[in-house]
Amino acid sequence: MAGIFKAYDVRGTYPDQIDEFIARKIGRGFCSLLDPADPAPVVVSHDMRPHSEPLESALIEGLRESGRDVLAAGLASTPMNYFAVGHLAAAGGIQVTASHNPGHYNGFKFSLREARPVSGDDGIPRIERHVHEDRPLASVRRGTRTKAAIFEDYATHLLGQLRRPAGAARLRLAADAANGMGTIYRPILERAGIELVPLYFELDGRFPHHEANPLKPENLVDLSAEVKRSHADLGVAFDGDADRAVFVDERGDPVGSDLTTALIGGLKLDRSGSGVVVYDVRSSRAVPEHILRHGGTPVRERVGHSFIKATMRAHDAVFGGELAGHYYFRENYFADSSLLAVFEILNLLWQERRPLSELVAPLRCYAKSPEINFEIEDRAGVMAELQARYGAGAEVDDIDGLRVDFPDWWFNVRPSNTEPLLRLVLEADTPE
């Protein structure tokens, strides 16, 4: 069990770190986060890994032992689980998944009413305490288990966001599901009025073609080649549980997810006339500049879905996005939806009637590094040294690690939540 309780979820290798015994106790521990006076059920679903179903069964047993009714949604993406929690007015939800991790990993992602995230000091740690202490169950009724069909409702919800003008061209989309949960989106994409070019749309939790992590450039190689081969208008790569999406333009060039945040944010602002767009501290300066040009208010937040979602709710933000490829929508319970991000990029292409590369070009106005990792034990000491050296005469923001802004360049250094790493991002006016 050591090390499986992370900042935002539970994740580890199966069966040595996570097994059915642990899953059952996690189900019981999750009930400690719920209001005993709230009789609403919990939505549970799973990804395509071969051990996800037995873990799900054990998890459900733990929930039912604690007196909680369960809506079993079966095979689903993580965004579908979030949607179901809000749509079905559930007390919470648990998705059995290890996201983009290799096939021998598994885990659990949690949410509460209205798809509010579970994390922080009193979320995952409280589940962990219950698991370790193995507290005896109170005498309660045994919960029920009911099947919940959510796919069609989710499809209707997403397809209702499409805004294809009459007579607009039929766009061609190349999509790489990486053998993960994006595969089950195929029927929705085929109803979207586009031509779909599917890549690795066979469910296989071993990920035989490449790792289901679109943030790594090597995992976009096949998609970029397919976009060029098939003359697609754009490409999208999903991660393992399909809560993240990374785009490539019609030339096969990857589009930074911060720039995608800017594009979708601008589109949403054009519709609403005003509003807040939340972006993470690693994002390019081009993001707030674009939001301001479209009449919006940019709000910078620390990295992590729980922080982004909380800030969006506080401001009733129209949209939010992260460099990691998460996109959050007000009309989606402020939760992530990779497929809704795809549909908004399609809407943008239909509206502007220009290639994606042309729409992104004005945002590629700065020289920006990827996120660079440094193995450092004394992370606090190094960050204090950096602030002492660079802080004078600069704008300093400690919302997430250390961000230091000068007129012509900035950097952010922040500690990893799970490893002895410092992560560095830099951006400047010019490559030099």
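Everything here concerns the structure above.
So, here is what we can say about the structure in this document. (Residues numbered from 1 in each chain as written. Predicted model: local features only at pLDDT ≥ 70, side-chain atom pairs only at ≥ 80, totals over all residues. Heavy atoms only, no water.)

1. Details of the side chain of R68
Along the chain, the position of R68 falls in the loop between helix 2 (52-65) and strand 3 (70-75). Although R68 is buried, it makes no salt bridge; D38 carries the closest opposite charge, 4.8 Å away. (Helix = DSSP H or I, 4+ residues; strand = E, 2+ residues; numbered from the N terminus. Buried < 20%, exposed > 50% of the residue type's maximum accessible area, 1.4 Å probe, protein only. Lys, Arg positive; Asp, Glu negative; His and termini not counted. Salt bridge = Lys/Arg side-chain N within 4 Å of Asp/Glu carboxyl O.)

2. Side note on the sheet that holds strand 9 (residues 195-199)
Strand order in the open sheet formed by five strands is 9-8-10-11-12, and the pairing between neighbours is mixed. The open sheet is flanked by strand 9 and strand 12 (254-255), the only strands paired with a single partner. Examined bridge by bridge, strand 8 (residues 172-176) and strand 10 (residues 234-238) share four bridges and lie parallel to one another. Note that in strand 10 the partner of A175 across the bridge is V236. With respect to the sheet, helix 11 (residues 338-352) is in contact with strand 8, strand 10 and strand 11 (245-248), its orientation differing from that of strand 10 by roughly 170 degrees. (Pairing = 2+ DSSP bridges. Contact = heavy atoms within 4.5 Å. Axes fitted to C-alpha atoms, helices over the stretch in contact; angles between N-to-C directions.)

3. Observations regarding helix 7 (residues 221-230)
Listed as buried for helix 7 are L223, S224, E226, V227 and S230. In an axial view of helix 7, the angular spread of the buried residues amounts to 160 degrees, which keeps them on one side of the axis. Packing partners of the buried residues in helix 7 comprise strand 8, strand 9, strand 10 and strand 11. (Arc of directions from axis to C-beta.)

4. Considerations on the packing of aromatic side chains
By convention here, two paired aromatic rings are described through the distance between centres and the angle between planes. Enumeration according to the criterion identifies 13 aromatic pairs in this entry. Aromatic pair F30 and F110: ring centres 5.6 Å apart, planes at 20 degrees, arrangement stacked. Placement of F30 in helix 1 (residues 20-30) and of F110 in strand 5 (residues 105-112) is noted, with a sequence separation of 80 residues between them. F30 sits in the buried class, given a relative accessible area of 0%. An aromatic cluster is built from F83, Y154, Y185, F238 and Y333, whose rings are joined through pairwise contacts. (Phe/Tyr/Trp six-rings, centres within 6.5 Å; stacked < 30°, edge-to-face > 60°.)

5. Some remarks on the pairing of strand 22 (residues 409-415)
With five of its seven residues buried, strand 22 lies for the most part within the structure. Examined bridge by bridge, strand 21 (residues 402-405) and strand 22 share four bridges and lie antiparallel to one another. Its bridge partner being in strand 22, R403 is matched across the sheet by N412. What sits between the antiparallel neighbours strand 21 and strand 22 is a turn of three residues. Sheet analysis places strand 22 next to strand 23 (residues 421-428), joined by seven bridges and oriented antiparallel.

6. Side note on unusual backbone geometry
At the junction of Y14 and P15, the peptide bond is cis and its omega measures out at 5 degrees in the coordinates. Tracing the backbone shows P15 in the loop between strand 1 (10-13) and helix 1. One non-glycine residue, A178, lies in the positive phi region at around 55 degrees. Inspection of the secondary structure puts A178 in the loop between strand 8 and helix 6 (186-190). Of note, D316 is a non-glycine position whose phi angle comes to about 50 degrees, a positive value. With respect to the element layout, D316 can be found in the loop between helix 10 (305-315) and strand 15 (319-321). For D316, a relative accessible area of 43% gives the class partly exposed.

7. Brief notes about the sheet that holds strand 15
Taken in spatial order, the five strands of this open sheet run 14-13-15-16-17, and their pairing is mixed. In this open sheet, the two strands that pair with only one neighbour each are strand 14 (297-301) and strand 17 (335-336). Here three bridges tie strand 13 (residues 276-280) to strand 15, and the two strands are oriented parallel to one another. Pairing of V277 across the sheet is with F319, part of strand 15.

8. Structural notes on the side chain of K25
Mapped onto the secondary structure, K25 falls in helix 1. Within the structure, K25 has its side chain in polar contact with the backbone oxygen of V131 (distance 3.1 Å). Among residues more than four places away in sequence, those in contact with K25 are V131 and D134. (Polar contact = N/O pair within 3.5 Å; in protein donor to acceptor, adjacent residues only side chain to side chain.)

9. Some details on the pattern of salt bridges
Summed over the entire model, instances satisfying the criterion amount to 34 salt bridges. Here R364 makes a salt bridge to D249, at a shortest N to O gap of 3.8 Å. Of the two residues, R364 is situated in the loop between helix 12 (356-360) and strand 18 (367-368) and D249 in the loop between strand 11 and strand 12; the sequence distance between them amounts to 115 residues. A residue is classified by how much of its surface remains accessible, and R364, at 33% relative accessible area, is partly exposed. Exposure remark for D249: the relative accessible area of 0% places this residue in the buried category. A salt bridge links E371 to R414; its shortest N-O distance comes to 3.4 Å. Taken together, the residues E371 in the loop between strand 18 and strand 19 (372-375) and R414 in strand 22 connect sequence positions 43 residues apart. Judged by relative accessible area, which is 7%, R414 ranks as buried. Ionic contacts of the salt-bridge type, sharing partners, join the residues D249, R251, D253 and R364 into one network.

10. Regarding the packing of helix 1 against helix 2
Packing of helix 1 against helix 2 brings their axes to within 7 Å, and their N-to-C directions diverge by 40 degrees. In this structure, the crossing between helix 1 and helix 2 has a hand that is right-handed. Residue-level contacts link E20, A23, R24, I26, G27, R28 and F30 of helix 1 to P54, L55, A58, L59, E61, G62, L63 and E65 of helix 2. Here the contact of helix 1 with helix 2 is composed, by residue class, of eight nonpolar, two polar and five charged. (Left-handed = near helix turned anticlockwise from the far one by under 90°. Nonpolar A, V, L, I, M, F, W, Y, C, P; charged D, E, K, R; others polar.)

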